[in-house]
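Topology and contacts: notes
What follows is each chain in one-letter form.
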Amino acid sequence: MRSREIVRAKLEKLESGLTKLDFVLKRGGDVSEFLEVTEHMKQLVEEIKSYIEYEPRTGNELNTSI
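Below you will find a few notes about this structure. (Residues numbered from 1 in each chain as written. Predicted model: local features only at pLDDT ≥ 70, side-chain atom pairs only at ≥ 80, totals over all residues. Heavy atoms only, no water.)

Inspection of the secondary structure assignment puts Ile52 in helix 2 (residues 31–53). Sequence separation between Ile52 and Val7 is 45 residues, and the spatial gap between their C-alpha atoms is 8.3 Å. (Helix = DSSP H or I, 4+ residues; strand = E, 2+ residues; numbered from the N terminus.)

Printed below as a string of structure tokens:
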């Protein structure tokens with residue numbers, strides 16, 4: 001995977017976002033803060049998907065329709 005480090009960094013940011021959500025819920029944070037974090041996490045997921053999509057496919061990948 002050419003973008004391994006980029007994807008790893010984005011996944012770490014997602015983990016950080018989950019920790020933030022946990023903290024927001026436990027301390028009784030407001031809805032806007034929760035929505036802000038989830039929106040950022042959704043953007044990260046889309047970025048990760050695009051990095052994966054641009055990776056070259058190997059001959060071992062049987063079902064490319066997924």
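Additional details are given in the paragraphs that follow.
Following the sequence through the fold, Thr38 ends up in helix 2. Reaching out from Thr38, the side chain makes a polar contact with the backbone oxygen of Leu35 at a distance of 2.9 Å. (Polar contact = N/O pair within 3.5 Å; in protein donor to acceptor, adjacent residues only side chain to side chain.)

Under the counting rule described, the total for this entry stands at four salt bridges. With a shortest N-O distance of 3.2 Å, Asp22 and Lys26 are connected by a salt bridge. In this pair, Asp22 and Lys26 are both assigned in helix 1 (residues 4–26), four residues apart and thus about one turn of the helix distant. What makes Asp22 partly exposed here is its relative accessible area of 38%. Since its relative accessible area comes to 68%, Lys26 is described here as exposed. (Salt bridge = Lys/Arg side-chain N within 4 Å of Asp/Glu carboxyl O. Buried < 20%, exposed > 50% of the residue type's maximum accessible area, 1.4 Å probe, protein only.)

Turning our eyes to something else, we now look at the nonpolar core. Of all hydrophobic cores here, the largest spans seven residues; its members are Val7, Leu14, Leu21, Val37, Met41, Leu44 and Ile48. Mapped onto this core, the elements with two or more residues apiece are helix 1 and helix 2. In contact with Val37, not counting residues within four places along its chain, are Gly17, Lys20 and Leu21. (Core = buried A, V, L, I, M, F, W, Y, C linked by side-chain atoms within 4.5 Å. Contact = heavy atoms within 4.5 Å.)

Given a rise of 1.5 Å per residue, 23 residues ought to cover 33 Å, and the 33 Å separating the end C-alpha atoms of helix 2 matches this to within 8%. Among all positions in helix 2, only Val37, Thr38, Met41, Leu44 and Ile48 are buried. On its buried face, helix 2 is in contact with helix 1. (Expected span 1.5 Å × (residues − 1).)

Limitation: the analysis is restricted to geometry and does not speak to function.
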